[in-house]
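Structural description and commentary
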Amino acid sequence: MLRNLLLRTYRRLRRVRMESDHTTGFCIFCSIASGSDPFTEILCQDEEVVCFRDIDPAAPHHYLVVPHAHITDCTVLRPEHTPLVVRMANMGLAALEANGFTDFTNIRLGFHVPPRISVPHLHLHVLAPQTHMYDDAIYRCLATSHWFLTVEQLLRKLNPKDVLWSPGNGVGPSPKLPAGQNR
């Protein structure tokens, strides 16, 4: 009971830290991506994207993948951003694999659509196993919701004529994992 109370309090305090400040131009995800946030462990990264654990996990494995460049959200993406979205998805899969999760048929990868975003910096939610998502997260991350786009749905919006990505098809470059982690 006390542990749960402490955990909820900690999450609330961290959530306050997660919010971006539009008046000063501060963005917590930009800070994390640049490596200047001392509270966030980077799981894997490359020259374009970085992956870390969500501070308020919705599943046993809940990671966020963000680009180093500040892009507000998925609604501003254009067809030329397709390689970035594929790279983010592949980074999420690599993070799952590096953390011992390999059942790629039981995952959910997607982006929240404004106004349902907590930080105005493009971020991919990597959730696994989707069959063990926590109750409140199931609603927030429904693939049939207008407020959540799976990677496949977003790629279809960006390139309606092409099927560019699915878990495990190997499209895109492999990310660099931190020292001591193997793929």
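The preceding data block contains the structure.
Here the structure is a predicted model, which is why all the values come from computation and not from measurement.

**Some thoughts on the overall build of the protein chain**
- Each helix and strand in the protein chain was counted, giving five helices and six strands.
- The secondary structure elements of the protein chain, listed N-terminal to C-terminal, are α-α-β-β-β-α-β-β-α-β-α.
- By the burial criterion, 45% of the 183 residues in the protein chain qualify as buried.
- Excluding contacts between residues fewer than 6 apart, the proportion of contacts in the protein chain whose partners are at least 24 apart in sequence is 65%.

**Structural notes on the pattern of salt bridges**
- Scanning all chains against the criterion turns up four salt bridges.
- As a salt-bridge pair, Arg53 and Glu41 come within 3.1 Å of each other at their nearest N and O atoms. Of this pair, Arg53 sits in strand β2 (residues 49-53) while Glu41 sits in the loop between α2 (28-33) and β1 (42-45), and the two are 12 residues apart along the sequence.
- A salt bridge links Arg87 to Asp46, with the shortest nitrogen-to-oxygen separation between them at 2.6 Å. Within this pair, whereas Arg87 is found in helix α3 (residues 82-98), its partner Asp46 is found in the loop between β1 and β2, the two being separated by 41 residues in sequence.

**A word on the pairing of β1**
- Pairing of β1 with β2, which is carried by three bridges, proceeds in the antiparallel orientation. Residue Ile42 lies in a different strand from β2, and its bridge partner there is Phe52.
- Turn length for the β1-β2 hairpin, with the two strands adjacent in sequence and antiparallel, is three residues.

**With respect to the packing of aromatic side chains**
- Applying the stated criterion across every chain yields a total of one aromatic pair.
- Residues Phe29 and Phe52 carry aromatic rings whose centres are separated by 5.6 Å and whose planes lie at 65° to one another, so their mutual orientation is edge-to-face. One end of the pair, Phe29, is in helix α2; the other, Phe52, is in strand β2, and 23 residues separate them in sequence. This pair shows no difference in class: Phe29 is buried, exactly as Phe52 is.
- When the ring centre of Trp147 is taken as origin, the NZ or CZ atom of Arg116, which lies over that ring, is 5.0 Å away.

**Examining the sheet that holds strand β6 (residues 148-150)**
- A sheet is described by the order of its strands in space; here six strands give the open sequence β1-β2-β3-β5-β4-β6, paired in antiparallel fashion. With partners counted over all chains shown, the strands left at the sheet margins are β1 and β6, one partner each. On average, each strand axis in the sheet is tilted by 30° relative to the strand beside it, whichever way the strands run.
- When strand β4 (residues 108-112) meets strand β5 (residues 124-128), the two strands line up antiparallel, connected through three bridges. Directly across from Arg108, in β5, lies its bridge partner Leu127.
- In this fold α3 packs onto β1, β2, β3 (61-67), β4 and β5, with an angle of close to 145° to the strand it touches most, β3.

**Notes on unusual backbone geometry**
- In this structure, the amide linkage connecting Pro114 to the following residue, Pro115, adopts the cis form with an omega of 10°.
- Tracing the backbone shows Pro115 in the loop between β4 and β5.
- Going from Ala128 to Pro129, the amide bond is cis rather than trans, its omega being -15°.
- Its place among the elements puts Pro129 in the loop between β5 and α4 (135-140).

**A closer look at helix α5 (residues 151-158)**
- Of the residues making up α5, those classed as buried are Val151, Leu154, Leu155 and Leu158. Relative to the axis of α5, the buried residues are bounded by an arc of 100° and lie together on one face.
- Packing partners of the buried residues in α5 comprise α3, β4, β5 and β6.

**A few points about the packing of α3 against α5**
- At their nearest, the axes of α3 and α5 sit 10 Å apart, and the two run at 170° to each other. With respect to α5, the element α3 is oriented roughly antiparallel. Only Val151, Leu154, Leu155 and Leu158 of α5 make contact with α3, whose side of the interface consists of Thr82, Val85, Val86 and Ala89.
- Taken together, the residues of the contact of α3 with α5 break down into seven nonpolar, one polar and no charged.

Conventions adopted
- Residues numbered from 1 in each chain as written.
- Predicted model: local features only at pLDDT ≥ 70, side-chain atom pairs only at ≥ 80, totals over all residues.
- Heavy atoms only, no water.
- Helix = DSSP H or I, 4+ residues; strand = E, 2+ residues; numbered from the N terminus.
- Buried < 20%, exposed > 50% of the residue type's maximum accessible area, 1.4 Å probe, protein only.
- Contact = heavy atoms within 4.5 Å.
- Salt bridge = Lys/Arg side-chain N within 4 Å of Asp/Glu carboxyl O.
- Pairing = 2+ DSSP bridges.
- Phe/Tyr/Trp six-rings, centres within 6.5 Å; stacked < 30°, edge-to-face > 60°.
- Lys NZ or Arg CZ within 6 Å of the ring centre and 35° of its normal.
- Axes fitted to C-alpha atoms, helices over the stretch in contact; angles between N-to-C directions.
- Arc of directions from axis to C-beta.
- Parallel < 35°, antiparallel > 145°, perpendicular 65-115°, else oblique.
- Nonpolar A, V, L, I, M, F, W, Y, C, P; charged D, E, K, R; others polar.

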